[in-house]
Amino acid sequence: MPQDTILQAGDPAPAFQLPKNGDDTLSSAALKNKAYVLYFYPKDDTSGCTREAIDFSALKPKFDAIGVSIIGVSPDNAIKHDKFIKKHDLSVELLADEEKTLSTAYGTWVEKSMYGRKYMGVERSTFLIGTDGKIAQVWRKVKVPGHAEAVLQAAQELCAG
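Residues numbered from 1 in each chain as written. Predicted model: local features only at pLDDT ≥ 70, side-chain atom pairs only at ≥ 80, totals over all residues. Heavy atoms only, no water.

Caption draft 1: Representation of the pattern of salt bridges in the model. One pass over the full model with this rule turns up 7 salt bridges. The partner of Lys87 in a salt bridge is Asp45, with the nearest N and O atoms 3.0 Å apart. Highlighted residues: Lys87 in helix H2 (residues 78–88) and Asp45 in the loop between strand E3 (35–40) and helix H1 (47–65), separated in sequence by 42 residues. Its relative accessible area of 56% is what places Lys87 among the exposed residues. By relative accessible area, Asp45 is classed as partly exposed at 38%. (Salt bridge = Lys/Arg side-chain N within 4 Å of Asp/Glu carboxyl O. Helix = DSSP H or I, 4+ residues; strand = E, 2+ residues; numbered from the N terminus. Buried < 20%, exposed > 50% of the residue type's maximum accessible area, 1.4 Å probe, protein only.)

Here you go:
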């Protein structure tokens, strides 16, 4: 995705239908007129991704109280998601974006570099989608500590306004 087409607040949220944990699918159509959070993360059961999922799960009752769904997205398949959820007692839904279609649509499937080696991977990013189906807020290159709390605060402000 070219840099000049990176999604921003105010843009319509890309439509999707993907497999999710629990041998089911989830589509953006099922979320019509609802606010939700899509958080993109690289891989199940790695330290940062596990911490982020645990943090969002811990705050899920507060998100539920304001009617905002929390949905994690990674290239892992639904079977891996089920194991990840069970292992860490997670309460968030996880989408399997194995073809990277949603990650590409949101501009989170990017070239990364580690130890001088370039490779493609998911940039840890979060999108808050309003009830109007538009992106309300974007967090890119997320640092995990305190992130779930920041997203909750933004969601509370969105739902209060």
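Caption draft 2: Focus on the confidence of the model for the protein chain. Model confidence for the protein chain is summarised by a mean pLDDT of 93, while 97% of its residues fall at 70 or above. Per-residue pLDDT, averaged within each element of the protein chain, yields its smallest value for strand E6 (residues 109–114) (89) and its largest for E3 (98). (pLDDT = per-residue confidence, 0-100.)

Caption draft 3: Quick look at the side chain of Asp76. The topology assignment puts Asp76 in the loop between strand E4 (68–74) and H2. Taking the relative accessible area as the measure of exposure, Asp76 reaches 7% and is therefore buried. From its side chain, Asp76 meets the backbone nitrogen of Asp44 in a polar contact 2.5 Å long. (Polar contact = N/O pair within 3.5 Å; in protein donor to acceptor, adjacent residues only side chain to side chain.)

Caption draft 4: Summary view of the packing of H1 against helix H4 (residues 147–160). As a packed pair, H1 and H4 sit with axes 9 Å apart at the nearest point and diverge in direction by 30 degrees. Here H4 runs roughly parallel to H1, going by the angle between their axes. The way H1 lies across H4 gives a crossing that is right-handed. Facing Glu52, Asp55, Phe56, Leu59, Lys62 and Phe63 of H1, the residues of H4 in contact are His147, Ala148, Glu149, Val151, Leu152 and Ala155. Classifying every residue of the contact of H1 with H4 gives 7 nonpolar, 1 polar and 4 charged. (Axes fitted to C-alpha atoms, helices over the stretch in contact; angles between N-to-C directions. Parallel < 35°, antiparallel > 145°, perpendicular 65-115°, else oblique. Left-handed = near helix turned anticlockwise from the far one by under 90°. Contact = heavy atoms within 4.5 Å. Nonpolar A, V, L, I, M, F, W, Y, C, P; charged D, E, K, R; others polar.)

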